[in-house]
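# Chains, contacts and geometry: an overview
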Amino acid sequence: MKMIASAAAAFVTALWVGIASAITVSDPTDWASGWVFSMVEISGVGTATSTVEPTGGNPNARLNATTFTPAGTDVAFGAALYQAGSVAAPPSGTAFVMKLDVLSGPGGFGGGQAVQVLVGQGVSLYQANVGITGWPLSSFTTLTFNGTFTSGAFTKVSGPGPATPSFDGVTPTSFGFAYGNSLSGTLTQYYDNWNITFTAGTATVSAIPALSDGPLLLLAVLVALTAFAARRRRL
């Protein structure tokens, strides 16, 4: 009976996948190194400028993010990609949480700036929209943006790579964020303390296969025999 009980326990244990730790990618140097800034998704006469300022952050340095989009046909997004290191791409379907400290600057109104999460693979850059900052933010406010790493949610904004990124748990990947506007005139916001957190590559939980009638009957017998053995020990 002990052997039957052990077999039943092993069968049940095999249905569970180990819990993996979370990975957080953040900037430990306060904008001093590792960042690559560029303009993406530019149309019309729109421009986006990223400038690191040594003071005024939360605390210390901050990123001055200024967009110029005078008309409705003008679109400008500035990209900030942290390339000091890379990690294996999370598996498809992995949830992420991206946080930013945000402060409204000159020209702010309406919804503030749109925010995107960025993924860099090779020399290609991909984005997914995650929300807006809102306005006004009269002091640095920590904003949280949630999403899921699925290829279909991302579009390529630069580079010769595939049309969508690969979330396979293997491909070296870097991360960052983008900010942008349309029909906003000249609008400035300040950013600090960016980070993104997601589950490590082994966190994908495989679907448990449906049991046919035969295995279901066997499992029921094993459980019944285990219960019967326990009753006999009590007697």
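Residues numbered from 1 in each chain as written. Predicted model: local features only at pLDDT ≥ 70, side-chain atom pairs only at ≥ 80, totals over all residues. Heavy atoms only, no water.

## Quick word on the sheet that holds strand 5 (residues 75-88)
The condition that has to hold: Two strands are counted as paired when DSSP detects at least two bridges linking them. Where helices and strands are cited, they refer to DSSP runs of H or I of at least four residues and of E of at least two residues respectively, numbered from the N terminus. Angles shown run from 0 to 180 degrees and are taken between the N-to-C directions of axes, each axis being a line fitted to C-alpha atoms and, for helices, limited to the stretch in contact.
What the six strands build is an open sheet, ordered 2-5-11-7-8-10; its pairing is antiparallel. With one partner strand each, in any of the chains shown, strand 2 (35-43) and strand 10 (155-158) form the two edges of the open sheet. Here the strands of the sheet are splayed against their neighbours by 35° on average, with no regard to which way each runs.

## Section: the pairing of strand 4 (residues 62-69)
Note the following rule: Exposure classes here rest on a 1.4 Å probe applied to the protein chains alone. A residue is buried below 20% of its type maximum, exposed above 50%, and partly exposed in between.
In terms of burial, strand 4 is a largely internal element, seven of the eight residues being buried. Sheet analysis places strand 3 (residues 47-53) next to strand 4, joined by seven bridges and oriented antiparallel. Directly across from V52, in strand 4, lies its bridge partner L63. Summarising the sheet, strand 4 and strand 12 (residues 185-199) pair through seven bridges and their orientation is antiparallel. By the bridge assignment, T67 is partnered in strand 12 with L187.

## Regarding unusual backbone geometry
Of note, the amide linkage connecting N58 to P59 takes the cis form, showing an omega dihedral of 0°. For P59, the position within the fold is in the loop between strand 3 and strand 4. One non-glycine residue, D30, lies in positive phi territory at about 55°. The backbone phi angle of N60 is positive, close to 65°, even though this residue is not glycine.

## Some points on the confidence of the model for the protein
The condition that has to hold: pLDDT measures the predictor's confidence residue by residue and takes values from 0 up to 100. A contact between two residues is defined here by any heavy atoms of the two lying within 4.5 Å.
Here the protein averages 82 in pLDDT, and 77% of its residues register 70 or above. Per-residue pLDDT stays below 50 along residues 1-19; that stretch engages in 16 contacts with residues further than four places along the chain or on separate chains. Counted against residues more than four places away or in other chains, residues 202-235, with its pLDDT under 50, gives 20 contacts.

## Quick notes on the packing of aromatic side chains
Applied cut-off: Stacked, tilted and edge-to-face are the three classes assigned to paired rings of Phe, Tyr and Trp, where Trp is represented by its six-membered ring and a pair needs centres within 6.5 Å; plane angles under 30 degrees give stacked, over 60 edge-to-face, the rest tilted. Charge over a ring is defined by NZ of Lys or CZ of Arg lying within 6 Å of the ring centre and within 35 degrees of the ring normal.
Inspection of the entire model under this criterion finds 16 aromatic pairs. Ring centres of W35 and F177 lie 6.3 Å apart, and the angle between their planes is 80°; on these two criteria the pair is classed as edge-to-face. Linking W35 in strand 2 with F177 in strand 11 (residues 172-182), this pair joins segments that are 142 residues apart in sequence. A relative accessible area of 11% places W35 in the buried class. Within the aromatic cluster, the residues linked to one another by ring pairs are W31, W35, F37, Y82, F177, Y179, Y191 and W194. The ring of Y190 has R62 sitting right over it, with the charged end atom 3.6 Å from the ring centre.

## Here we look at the pattern of salt bridges
Going by this rule: Take a side-chain nitrogen of Lys or Arg and a carboxyl oxygen of Asp or Glu: if they are within 4 Å of each other, that pair is a salt bridge.
As enumerated under the stated definition, the model contains one salt bridge in all. The shortest N-O distance in the salt bridge between R62 and E53 comes to 2.7 Å.

## Structural notes on the side chain of D27
What counts here: Counted as positive: Lys and Arg. Counted as negative: Asp and Glu. His and the chain ends are not counted at all. What qualifies as a polar contact is a pair of N or O atoms within 3.5 Å, subject to a donor-acceptor requirement within protein and to the restriction that residues adjacent in sequence count only when both atoms come from side chains.
Within the secondary structure, D27 sits in the loop between strand 1 (22-26) and strand 2. We note that D27 is buried and unpaired, the nearest opposite charge coming from R62 at a distance of 14 Å. Separated by 3.4 Å, the side chain of D27 and the backbone nitrogen of D30 make a polar contact. Separated by 3.0 Å, the side chains of D27 and W35 make a polar contact. Among all residues touching D27, those that are not within four sequence positions of it are S33, W35, Y82 and W194.

## A word on the nonpolar core
Worth spelling out the cut-off: We define the nonpolar core as a collection of buried residues of types Ala, Val, Leu, Ile, Met, Phe, Trp, Tyr and Cys that are connected through side-chain atoms lying within 4.5 Å of one another.
Judged by nonpolar contacts, the single largest core of 34 residues is most densely connected at M98, L100, F149, F177, Y191, W194 and I196. If you list the elements that add at least two residues to this core, you get strand 4, strand 5, strand 6 (94-104), strand 7 (114-121), strand 8 (124-132), strand 9 (141-149), strand 11 and strand 12. Among residues more than four places away in sequence, those in contact with W194 are V25, S26, D27, W35, Y82, M98, K99, L100, F175, G176 and F177. By size, the runner-up hydrophobic cluster in this structure holds seven residues, among which are V40, A79, L81 and L125.

## Section: the environment of F37
Note that F37 resides in strand 2. Separated by 141 residues in sequence, F37 and A178 place their C-alpha atoms 9.5 Å apart. Among residues more than four places away in sequence, those in contact with F37 are W31, S50, V52, L63, A79 and A80.

## Here we look at the side chain of Q127
With respect to the helices, strands and loops of the structure, Q127 is situated in strand 8. By relative accessible area, Q127 is classed as buried at 7%. A distance of 3.1 Å separates the side chain of Q127 from the side chain of Q116, its partner in a polar contact. The contact partners of Q127, leaving out residues within four places of it in the chain, are E41, Q116, V117, L118, A153, F154, T155 and V157.

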